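Understanding the architecture of this molecule
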Amino acid sequence: MTAGTKKRLSKAISLLVMSTKKRRIWNEVVKKKVDHQLSFITLTISDPEKKLTGKEAYKKLLEPFIAHNIFNVFRCSSFMIICM
């Protein structure tokens, strides 16, 4: 990762942290409510045989994932996509 990429990523994460409100959620591990502000989801798309282009991968894989999961399952109001 280049220095410029690190700087842009750091700035984007800082903006997300500043724009999100803390909320109390139930944590199954510790069995109590904890403050929560930001989550990261890593989605790896890899299929060396098909060699999808970026547009194909977005349209066929990422867009349906975002449409269903980001808004319905995780109930996010904002998100950031980082492609590497």
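The rules we used
Residues numbered from 1 in each chain as written. Predicted model: local features only at pLDDT ≥ 70, side-chain atom pairs only at ≥ 80, totals over all residues. Heavy atoms only, no water. Helix = DSSP H or I, 4+ residues; strand = E, 2+ residues; numbered from the N terminus. Rg over C-alpha atoms; globule rule 2.2 N^0.38 Å. Buried < 20%, exposed > 50% of the residue type's maximum accessible area, 1.4 Å probe, protein only. Contact = heavy atoms within 4.5 Å. Areas by Shrake-Rupley, 256 points an atom, 1.4 Å probe, with all protein chains shown as cover. Patch = residues over 30% accessible without salt bridge, like charges linked within 9 Å, V, L, I, M, F, W, Y side chains within 5 Å. Salt bridge = Lys/Arg side-chain N within 4 Å of Asp/Glu carboxyl O. pLDDT = per-residue confidence, 0-100. Pairing = 2+ DSSP bridges. Expected span 1.5 Å × (residues − 1).

Digging into the overall build of the chain
The secondary structure content of the chain amounts to two helices and two strands. Ordered by position from the N terminus, the helices and strands of the chain form the series α-β-β-α. Against the compact-globule benchmark of 12 Å for 84 residues, the chain has a radius of gyration of 16 Å, which places it well outside the compact range. Every one of the 84 residues in the chain was classed for burial, and the buried ones make up 8%. Expressed as a percentage of contacts within the chain between residues at least 6 apart in sequence, the contacts between residues at least 24 apart total 25%. By element, 58% of the accessible surface of the chain is carried by carbon and sulfur atoms, the whole surface being about 7,500 Å².

Section: the environment of Phe74
You can see Phe74 is positioned in the segment after helix 2 (54-73). Judged by its relative accessible area of 36%, Phe74 is partly exposed. A C-alpha to C-alpha distance of 9.6 Å links Phe74 and Ser39, two positions 35 residues apart in sequence. Not counting residues within four places of it along the chain, the set of residues in contact with Phe74 comprises Arg23, Ile41 and Asn69.

Focus: a nonpolar patch on the surface
A grouping of Leu43, Ile45, Leu52 and Leu61 is seen on the molecular surface, where their side chains present a nonpolar patch of about 300 Å² in accessible area. By the element assignment, Leu52 lies in the loop between strand 2 (32-36) and helix 2.

Brief notes about the confidence of the model for the chain
With 94% of its residues at a pLDDT of 70 or more, the chain shows a mean pLDDT of 82. At the level of individual helices and strands, the chain shows its lowest average pLDDT in helix 2, which scores 81, and its highest in strand 2, which scores 92.

As for the pairing of strand 1 (residues 23-27)
Where strand 1 lies against strand 2, five bridges are found, and the strand directions are antiparallel. Each residue of the ladder has a partner; that of Arg24, found in strand 2, is Asp35. The hairpin formed by strand 1 and strand 2 contains four residues between the paired strands, and Lys31 there has a positive phi angle of roughly 60°.

Here's the deal with helix 2
The end-to-end C-alpha distance of helix 2, which contains 20 residues, comes to just 25 Å, noticeably less than the 28 Å that a straight helix rising 1.5 Å per residue would cover. Among the residues making up helix 2, those that are buried are Ala57, Leu62, Ile66, Asn69 and Ile70. Two residues or fewer past helix 2, Arg75 is found with a positive phi of approximately 50°.

Re unusual backbone geometry
Residue Lys31 is not a glycine yet carries a positive backbone phi of 60°. Topologically, Lys31 is positioned in the loop between strand 1 and strand 2. According to the relative accessible area criterion, Lys31 is exposed, its value standing at 52%.

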